[in-house]
Amino acid sequence: MPDLSVRLATARDRLVVERLWLMFRHDLSGFRGLLPNPDGTFRGDRVEAAFTQDGWAPYLFLRDDRPVGFAFVRALDGPVRVLNSFFVVRGARGEGVGLRAVREVVARHPGPWEVAFQYDNEAAVRFWRRAARELAGDAWSEEARPVPDRPGLPPDAWISFTVGQAGSLTCRQLPA
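Caption draft 1: Quick peek at the overall build of the protein. What the protein contains, in helices and strands, is four helices and eight strands. Here the protein, with 176 residues, has 45% of them falling under the buried criterion. Across the protein, the fraction of contacts at a sequence separation of at least 24, relative to all contacts at a separation of at least 6, is 59%. Carbon and sulfur atoms make up 52% of the accessible area of the protein, which totals about 9,500 Å².

Okay, here's the thing in structure tokens:
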């Protein structure tokens, strides 16, 4: 398996992360029919938040010093951490990079976690269910939730689990 490093992204990494963000949003555009802005970019509010707002953390994934993905974590100052955005470039998929990266990111922030994805993104469905099983065994849960302020969209899938203080993982029970 190729060398992989997962590290907190710095201000010097922002341009690289912004470029990866464009690839991420392009990948997602096919599931929601999104088009780029007139300047060829996609919305960048999450990139801005990840680098500037309290309670957020941007991570960069590198293989042999080449960028292969990123993750944005939000709500680090709240009761449940949210893996807000997660991306691995196509050339690094299928090699275990995503599973290794998600494991390293969540291990850095013990406590309850949630991850959202779209059911129509079949690769994401397979990946996140597999990640949940590998991280928490049978101790995870999944539920469909409406997309806030977007009643015309199908619900998102949300997976929940807890990372313990010593790296152990247990399920966080969802309210009934």
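Caption draft 2: Local environment of the pattern of salt bridges. Across all of its chains, the model carries ten salt bridges by this definition. For the salt bridge of R145 with E114, the shortest nitrogen-to-oxygen distance reads 2.8 Å. Taken together, the positions of R145 in strand 6 (residues 141-145) and E114 in strand 5 (residues 111-118) put the pair 31 residues apart, joining distant regions of the chain. Two residues, E134 and R130, come together in a salt bridge whose shortest N-O distance is 3.0 Å. Placement of both E134 and R130 in helix 4 (residues 122-136) is noted, with a separation of four residues, approximately one turn of the helix. Within this structure, R14, E18 and E48 form a network of salt bridges that share partners.

Caption draft 3: Expanded view of helix 4. A rise of 1.5 Å per residue sets the reference length of helix 4, with its 15 residues, at 21 Å; its end C-alpha atoms lie 21 Å apart and thus fit the reference within 8%. For helix 4, the complete set of buried residues consists of A124, V125, W128, A131, A132, L135 and A136. The arc that holds every buried residue of helix 4, seen down its axis, measures 140 degrees, which confines them to one face. Away from its buried face, by an angle of more than 90 degrees, helix 4 presents the exposed residues E122 and R126.

Caption draft 4: Quick look at unusual backbone geometry. For D65, which is not glycine, the phi torsion reads 65 degrees and is therefore positive. Its place among the elements puts D65 in the loop between strand 2 (57-63) and strand 3 (66-74). The class of D65 is exposed, set by a relative accessible area of 71%. Residues other than glycine seldom take positive phi values, yet D149 does so here, at roughly 60 degrees. Secondary-structure assignment places D149 in the loop between strand 6 and strand 7 (156-163).

Caption draft 5: How the structure looks around the nonpolar core. In terms of nonpolar packing, the biggest core is built from 50 residues, with F61, L83, F86, V105, W128 and F161 touching the most fellow members. Take this core: its biggest share by element is seven residues, from helix 4. Sequence-distant contacts of F86, that is, excluding residues within four places in its chain, are made with F24, F61, F70, A71, G98, A101, V102, F127 and W128.

Caption draft 6: The packing of aromatic side chains, seen in detail. On inspection of all chains with the given rule, the structure shows twelve aromatic pairs. Residues W21 and F70 carry aromatic rings whose centres are separated by 6.1 Å and whose planes lie at 45 degrees to one another, so their mutual orientation is tilted. With a gap of 49 residues between them, W21 in helix 1 (residues 14-32) and F70 in strand 3 connect regions that are remote in the sequence. Residue classification places W21 among the buried positions, given a relative accessible area of 2%.

Caption draft 7: Molecular detail of the pairing of strand 7. Counting buried positions along strand 7 gives eight out of eight residues, so the element sits mostly inside the fold. Residues of strand 7 alternate between two faces, with D156, W158, S160 and T162 on one and A157, I159, F161 and V163 on the opposite face, all of them buried. Here five bridges tie strand 6 to strand 7, and the two strands are oriented antiparallel to one another. Within strand 7, the position partnered with E142 by the bridge is I159.

Definitions and limits used
Residues numbered from 1 in each chain as written. Predicted model: local features only at pLDDT ≥ 70, side-chain atom pairs only at ≥ 80, totals over all residues. Heavy atoms only, no water. Helix = DSSP H or I, 4+ residues; strand = E, 2+ residues; numbered from the N terminus. Buried < 20%, exposed > 50% of the residue type's maximum accessible area, 1.4 Å probe, protein only. Contact = heavy atoms within 4.5 Å. Areas by Shrake-Rupley, 256 points an atom, 1.4 Å probe, with all protein chains shown as cover. Salt bridge = Lys/Arg side-chain N within 4 Å of Asp/Glu carboxyl O. Expected span 1.5 Å × (residues − 1). Arc of directions from axis to C-beta. Core = buried A, V, L, I, M, F, W, Y, C linked by side-chain atoms within 4.5 Å. Phe/Tyr/Trp six-rings, centres within 6.5 Å; stacked < 30°, edge-to-face > 60°. Pairing = 2+ DSSP bridges.

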